[in-house]
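An overview of the molecular structure
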Amino acid sequence: MLQGKVALVTGGARGIGKAIALKLASLGADVAILDAGDPALSEATAGEVRALGVKAFAARCDITDFDQVTEAVAKVKEALGGVDILVNNAGITRDKLALRMTPEDFDAVLSVNLKGTFLMIKALYADFMKKRAGRIVNIASISGLMGNAGQANYSASKAGVVGLTKTIARELAARNVTCNAVAPGFIETPMTANMNQDALQEACKAIPLRRMGKPEDVAEAVAFLAGDGAAYITGSVINVDGGFFMR
Ligand code: NDP
């Protein structure tokens, strides 16, 4: 259970982030949602979190901008009293074959998925150190582990998230702070709804568990890593992909 804990979820307004916010709230955590999208959506999700009997705070924040990140984190701390669990979930895709991918497409995806994750960790690093406690869960992707045609930018960013996760795990282990990653496969969200549906259906035929994942499947793994049961796990990557990528 997560009573008395505060969880901060980036990109928490919808999709996987929303499922994570609701799962952590259902376990008793107060939840902060930082999202760059429509504030009304973040507020609606915060309302669903509150309906579970815990506190919620939502703010608009583009995680690629360190000024916005530091300001938003300060507001979260003011509203909820500190952060115990950081879930770096916000992410974007700009899929194209590398031949057609522009330098801007590459930078945009690296900026949100990798740099944004780093900036969030940086903004809370000293707090976690001082508390000698904390959980960081980064949402990677199997695309970062196995590559995926059309996702040079996305795969590179998510592989970077795995490297970042392991480095932060090593840096903060002596302070009793864990840092792990969850690598989803194909999950039913607005992100996959925007993909080429024929290609998606073809890929899904290769999923051993014979279905796409649900945001709640990812949220379960995050909740485990955020909870007491995962106290001795750090620097690891848990795949939530129906067996799509097995090493
Ligand atoms: P969605 O696109 O449904 O949701 C992502 C959320 O992140 C949106 O609310 C979006 O807001 C927000 N966001 C985007 N950019 C920023 C930013 N710069 N700062 C703050 N918030 C931002 O994605 P999913 O729920 O599908 O994905 C969540 C995570 O899971 C991502 O990291 C993704 O890479 C990863 N993942 C998803 C998979 C899938 O199959 N869906 C598979 C593997 C990994 P806005 O409205 O502005 O877009």
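In short, a report on the structure.

In terms of regular secondary structure, the protein is built from 9 helices and 7 strands. Compactness check: the protein gives a C-alpha radius of gyration of 17 Å against a globular reference of 18 Å for 247 residues, within 12% of the reference. Overall size of the protein, expressed as C-alpha extent along the three principal axes, is 45 × 40 × 35 Å. Restricting to contacts in the protein with at least 6 residues of sequence separation, those with at least 24 account for 74%.

Before going further, it helps to examine the nonpolar core. Ranked by size, the top nonpolar core spans 33 residues in total, and within it I20, L24, V87, V182, V218 and V222 carry the most contacts. Non-local contacts of I20, meaning those with residues more than four positions away in its chain, are made with V9, V87, N89, I139, A219 and V222. In this structure, C61, I63, V69 and I168 belong to the second largest nonpolar core, which totals 30 residues.

This part is about the sheet that holds strand β5 (residues 134-139). Strand order in this open sheet of 7 strands is β3-β2-β1-β4-β5-β6-β7, and the pairing throughout is parallel. Taken across any chain shown, the strands that pair with only one partner, and hence form the sheet edges, are β3 (56-60) and β7 (237-240). Averaged over all neighbouring strand pairs, the angle between strand axes comes to 15°, with direction disregarded. Sheet contacts for helix α2 (residues 39-50): β2 (30-35) and β3; angle to β3, the most-contacted strand, approximately 170°. Docked against the sheet, helix α9 (residues 215-226) engages β4 (85-88), β5, β6 (177-184) and β7, running at close to 165° with respect to β6.

The next thing to look at is the site of the ligand. Near the ligand lie 28 residues; those nearest to it are R14, D35, N89, Y154 and T189. At 2.8 Å, a backbone N or O of I187 approaches an oxygen atom of the ligand. Surface burial for the ligand is 90%, taken as the share of its 890 Å² of free accessible area covered by protein chains. Among the elements of the structure, α1 (15-26), α6 (152-172) and α7 (190-193) are those that each provide at least two residues to the shell around the ligand. Looking at the shell around the ligand, the element that brings in the most residues is α7, giving 3 residues. Of the residues contributing to the shell around the ligand, the split by class is 15 nonpolar, 9 polar and 4 charged.

The subject of this paragraph is the pattern of salt bridges. Inspection of every chain in the model, using the stated rule, returns 11 salt bridges. Linking K75 and E71 is a salt bridge whose minimum nitrogen-to-oxygen distance equals 3.6 Å. Of this pair, K75 and E71 both sit in helix α3 (residues 66-80), 4 residues apart, which is roughly one turn of that helix. Looking at K75, the relative accessible area reads 39%, which means it is partly exposed. Residue D84 is joined to K131 by a salt bridge in which the shortest nitrogen-to-oxygen separation is 3.2 Å. Residue D84 is found in the loop between α3 and β4, and its partner K131 is found in helix α4 (residues 103-131); the two are separated by 47 residues along the sequence. Residue classification places D84 among the buried residues on the basis of a relative accessible area of 19%. Relative accessible area serves as the criterion here: at 38%, K131 is assigned to the partly exposed category.

Helix length check: α6, at 21 residues, gives a terminal C-alpha distance of 30 Å against a target of 30 Å (1.5 Å per residue), a fit within 8%. Every buried residue of α6 is accounted for by N153, Y154, S155, S157, K158, V161, V162, L164, T165, I168, A169 and L172. Next to the buried residues of α6 lie α4, β5, α5 (143-146), β6, α7 and β7.

Before going further, it helps to spend a moment on the side chain of D84. From its side chain, D84 meets the backbone nitrogen of V6 in a polar contact 2.7 Å long. Of note is the side chain of D84, whose polar atom sits 3.2 Å from the side chain of K131. Each residue touching D84, except ones within four places of it in the same chain, is listed here: G4, K5, V6, F128, K131, G134 and R135.

About the criteria used
Residues numbered from 1 in each chain as written. Predicted model: local features only at pLDDT ≥ 70, side-chain atom pairs only at ≥ 80, totals over all residues. Heavy atoms only, no water. Helix = DSSP H or I, 4+ residues; strand = E, 2+ residues; numbered from the N terminus. Rg over C-alpha atoms; globule rule 2.2 N^0.38 Å. Contact = heavy atoms within 4.5 Å. Core = buried A, V, L, I, M, F, W, Y, C linked by side-chain atoms within 4.5 Å. Buried < 20%, exposed > 50% of the residue type's maximum accessible area, 1.4 Å probe, protein only. Pairing = 2+ DSSP bridges. Axes fitted to C-alpha atoms, helices over the stretch in contact; angles between N-to-C directions. Near = heavy atom within 4 Å. Polar contact = N/O pair within 3.5 Å; in protein donor to acceptor, adjacent residues only side chain to side chain. Areas by Shrake-Rupley, 256 points an atom, 1.4 Å probe, with all protein chains shown as cover. Nonpolar A, V, L, I, M, F, W, Y, C, P; charged D, E, K, R; others polar. Salt bridge = Lys/Arg side-chain N within 4 Å of Asp/Glu carboxyl O. Expected span 1.5 Å × (residues − 1).

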